[in-house]
Structures are given as structure tokens and as C-alpha cells.
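Each chain, written out:
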Amino acid sequence: MHTIRQPAVAGTFYTGQAHALSQQVKSMLASTTVGQTAAAVPKALIVPHAGYIYSGTTAALAYRRLLPVQATIRRVVLLGPAHRVAVRGLALAGADYFATPLGTVEIDRDAVAKIATLPQVVVSPAVHAQEHSLEVQLPFLQTALRDFKLVPLVVGDATPSEVAQVLETLWGGNETLVVISSDLSHYLPYAAAQAQDQQTVQTIAELKPTITHHQACGGTPVNGLLLAARQHGLQAELLGLCNSGDTAGDKQRVVGYASFAFVTCAVRRADTPSDAEDGQLLLPIARAAISTALGRQTAAPESAPWLQDRGACFVTLTQQGQLRGCIGSLEARRTWLHDVKSNAVAAALQDPRFTPLTAAELETTDIEVSLLSATQAMQFESEAHALAQLRPGIDGVIFEYGRHRSTFLPQVWEQLPAAVHFMAHLKRKAGLSPDFWHADVRLHRYTVRKWKEQEGP
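Computed from a prediction, not measured in an experiment: that's the story for all the values here. (Residues numbered from 1 in each chain as written. Predicted model: local features only at pLDDT ≥ 70, side-chain atom pairs only at ≥ 80, totals over all residues. Heavy atoms only, no water.)

### Quick word on the layout of surface pockets
Its boundaries defined by the atoms lining it, the second largest pocket holds a volume of some 740 Å³. Every residue lining the second largest pocket is counted, 22 residues in all, and those nearest its centre are Thr 316, Leu 323, Cys 326, Val 412 and Gln 415. The set of elements that each furnish at least two residues to the lining of the second largest pocket consists of β14 (313-319), β15 (322-328), β20 (404-408) and β22 (448-452). Along the lines of polarity and charge, the residues of the lining of the second largest pocket split into 7 nonpolar, 8 polar and 7 charged. (1 Å grid on protein atoms, 1.4 Å probe; cavity = no way out; pocket = protein on both sides within 12 Å on 5 of 7 lines; lining within 4 Å. Points joined across faces, edges and corners; volume = space filled by probe spheres on them. Helix = DSSP H or I, 4+ residues; strand = E, 2+ residues; numbered from the N terminus. Nonpolar A, V, L, I, M, F, W, Y, C, P; charged D, E, K, R; others polar.)

Right, dumping it as C-alpha cells:
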């Protein structure tokens, strides 16, 4: 006789009628848009778990990313916090199936057997009986995926390391998806919730496993995922952020919601064996793009699979060591191939500081391509504090204040080796005075891998 965990919140958190539920979920998935970054297949998701009228559209932003790989994912490891019954560790349900109005989902017995011997994993049907944090994810998974088995774990009193150990045991390959169910702030006024949730989102983006339960009810499983993400070279991509005041509630006491996709970092470490090969590909691609734009049809090899990953780059042109053009992207919104070609042409023809490059000049122009890492928000209490954190020769810096924004690549340290001068010129580039400072200044930093033509083509 199979045991089935029956739905506990059908009819409250979501409709209990199968047809209406199916139509509602499909409608939410269809209403979401998928940006250019959607080519990256997620290994893990963070999704909210309130009633669908509150957070369903935010959750749909993440589940929409699964549709292109719905036949690949065969196992979902689903973790959420305990709201009803306290438990030490991570609790399995002891059931063979989980049911929703859309049908049943089979439990992955082989996966359960792998973690059953871990001391932090327990079996407790009572913990699961009325818990909504896992249940509300199932109709989305049943709609977005074709055929999968489930590993449902309610997380109670556990450490992030204990959660990460369970995830590592079940990590697998492309067939395994990790889903963390968590809301953000609870019952703060609208503006206060926005401020706190923005900080939480930034902490998650930086993969810092320091989320408290005041920031997210699922802080423990979120932190466990962040540890695993760091170990496996994943980066967090924010898909949506709002609160109940934006959807179906008032603005006096709101609950925050966010969706994240965790994908493999597009930028590989500089010491990987492919580093030299990358440069041999990128420089000819940039030069060929400029040559073609100048009327000289030129081709370069473009078949490397990683060129179709999303990324951000800068292309710099010099003549006898003097700058002749520099254009780039700070955010990974298109493929490496598209970004390198577009920025190369823009540096040659659209940099407002210079006249457009001519075909004759191209022969004496050297090209440099810089691939940017993900940006990291800096935390500081004053300008002096910020300057003390900068790493000359290593950090590229993005300066933001209101509508003022500027950036310097790490290469600029060669001309401005003192942090105070580096920052002063960065502010001037943003259209502000060199001595300007305000508490609302935001700084992000990044690193680059770069390749330069040493002696022309």
C-alpha cells in the first residue's frame, strides 16, 4: 500500500479545482517574459511560497526558465522552512507520493536512500502534514516539467553546512534541479520592506550565506544553497522582486518575494587551460567585426560553445599606446559573441570622444578585449573606508549616485595607481566634482580577464 501526502492548502493558497488550477498556473507562466539571459539553464531556483494571488507571478518567473529543459530534469530536490511543526534537522515525509489537484508526484526512493543515513536527516510525517512551503511549489513543477521524481525536505533547526551536505549528496548533473522555497521580509511597512529586501537580494547575489530568518523565513535552506553555489561555481541571477503591497495586499504590513535562478558562471577562472585559447578566439572576432563594419568582409572562427553563454565585455582600441576608443557592457545581457562583436564595432565607430575609425587606421590599431566577472557590491561607511578596500591593479569599479554612473576597468590603475586619484577621476567621469561624496553613493567592483594584440594583427 502506497502512502500519499495529501494537499493541505488546496483551496486556500491556491484553488482546489484541477482545471482551474492548471489554467491559472499556465496563465502565470505564459504571462512572464524571458530575457536574453534565459539561455543559461538553471541548476537551482529560489522561489516564494505565499498564496498565488500574492507571489504566484514572482514564482512563475523562475519556473518559466524550466520550460526549455523540461524533458531533461528528472529529479527535483525541494527544500522549504518549517512553519507548523518544529523539527531538528531536515525532515522527509515518509510518503511514497505527494498529491495536488493536478495529480501525484512520486518520491525518488533512490535519492532518499542516499541521504537517509545522514544524521541531520529525519523522517516526520507530522512536519509535512500541514506545511505549505513545499506544497505550493508542486503545481508549478507539475506544469513546467514533464516527468520527475521528488525529494521533499522541510528544514528546521539545522546549520547551513548540514543543508549543503544534503545538497552535495544529491547534486547530480543536469537531471537534478534544486528548489529552495522562501519568502523574504515579513510584516514590515512597505518602504522598510523594500529597503530590507534589497539588502537581502544583494547578499544572495554575492553568495554570502549569512541570511537571517528576519530577512527570509527560509534563511537556513537559502544559506545552504549559497554554500553549495560557491562550491560549484554558480552565480545568482535575480528574476523578480516585489512584495504583497505590489500584488494583492495593503502597504501597511507586507511580505517580500523574490525569485532567483542559479546558473554556471559564464566567466571561467583565468588559470583554466582554455584561457589562452579564449584570447586567440576573441581578438580575431573583434577585429573581423570592425573590418566587416568598415566594408571589408572578414570572418573569424565563432564555433566555440562557450561563446553562446551570456557575458559582459569591454573592447579597447589603441594606437601607439594611446586610447582610440573604448566601449563595453557592465551587465551580461547578451552572448559573449554578440557582446564582443557589438562592442568592437561601437569602440571603432561610436565612441563620442573620437572620430570614427577608418579602414586605413585599422591596420595600425591594436585591440584589447576584457571579459568582466560578475559585479560585487561594496559595503562601506565612508569614502575613506571604500578607498581602503580597493585593490589597485585588480578591481574595476562602478560608481553610482542617482543618475550619475561611471566605471573604470582595472587597466586604469596603470595611469592612476593611487586609490584617491582613481576615485576622483571616476567621479569626474560620472559628471561630479572630484571631491564629491554622499551617503547614497554606491560602488560595485569586478575583475577582468584581458587579452591584447601586442604587435597588431
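Still to come is the rest of the account.
### Topic: the sheet that holds strand β1 (residues 4-5)
Sheet architecture is open: 3 strands sit in the order β1-β5-β6, paired in mixed fashion. This sheet does not close on itself; its edge strands, each paired only once, are β1 and β6 (103-106). As paired elements, strand β5 (residues 97-100) and β6 share 4 bridges and run antiparallel to each other. Its bridge partner being in β6, Phe 98 is matched across the sheet by Val 105. (Pairing = 2+ DSSP bridges.)

### Section: the nonpolar core
Counting 77 residues, the largest nonpolar core has Tyr 63, Val 76 and Phe 262 as its most contacted members. Among all residues touching Tyr 63, those that are not within four sequence positions of it are Leu 29, Leu 45, Val 47, Gln 137, Phe 140, Leu 141, Ala 144 and Val 179. Residues Leu 282, Leu 337, Val 340 and Val 369 belong to the second largest nonpolar core, which totals 26 residues. (Core = buried A, V, L, I, M, F, W, Y, C linked by side-chain atoms within 4.5 Å. Buried < 20%, exposed > 50% of the residue type's maximum accessible area, 1.4 Å probe, protein only. Contact = heavy atoms within 4.5 Å.)

### A look at unusual backbone geometry
Phi is positive for Tyr 187, close to 65 degrees, though the residue is something other than glycine. Looking at Tyr 187, the relative accessible area reads 48%, which means it is partly exposed. Phi at Gln 320 is positive, roughly 50 degrees, even though this residue is not glycine. Its relative accessible area of 79% is what places Gln 320 among the exposed residues.

### Topic: the sheet that holds β15
The strand order across the open sheet built from 4 strands is β15-β14-β17-β22, with neighbouring strands paired in antiparallel fashion. Each having just a single partner strand, β15 and β22 make up the two edges of the open sheet. With strand direction ignored, the average angle separating the axes of adjacent strands in the sheet is 15 degrees. Here strand β17 (residues 366-372) pairs with β22 via 5 bridges, running antiparallel. For Leu 372, the partnering residue across the bridge sits in β22 and is Val 448. Contacts from helix α12 (residues 336-349) reach β14, β15 and β17 within the one sheet, and its direction differs from that of β14 by about 35 degrees. (Axes fitted to C-alpha atoms, helices over the stretch in contact; angles between N-to-C directions.)

### Here we look at the environment of Leu 78
Secondary-structure assignment places Leu 78 in strand β3 (residues 75-81). A relative accessible area of 0% places Leu 78 in the buried class. Taking the C-alpha atoms as reference points, Leu 78 and Ala 347, 269 residues apart in sequence, are found 46 Å from one another. The contact partners of Leu 78, leaving out residues within four places of it in the chain, are Leu 134, Gln 137, Leu 138, Leu 150, Val 151, Pro 152, Leu 153 and Val 179.

### Focus: helix α15 (residues 419-429)
Here α15 has its buried residues at Ala 419, Phe 422, Met 423, Ala 424, Leu 426 and Lys 427. As for α15, its buried residues are in contact with α14 (383-389), β19 (396-401), β20 and β21 (442-446). Phi turns positive one or two residues past the end of α15, at Gly 431, with a value near 90 degrees.

### A few points about the confidence of the model for the chain
Mean pLDDT over the chain works out to 91, with 95% of the residues at or above the 70 mark. Here residues 35-39 is modelled with pLDDT under 50, and outside its nearest four sequence neighbours on either side it reaches 8 contacts, counting other chains as well. Confidence over residues 267-274 falls short of pLDDT 50; this stretch has 11 contacts with residues more than four positions distant or in other chains. (pLDDT = per-residue confidence, 0-100.)

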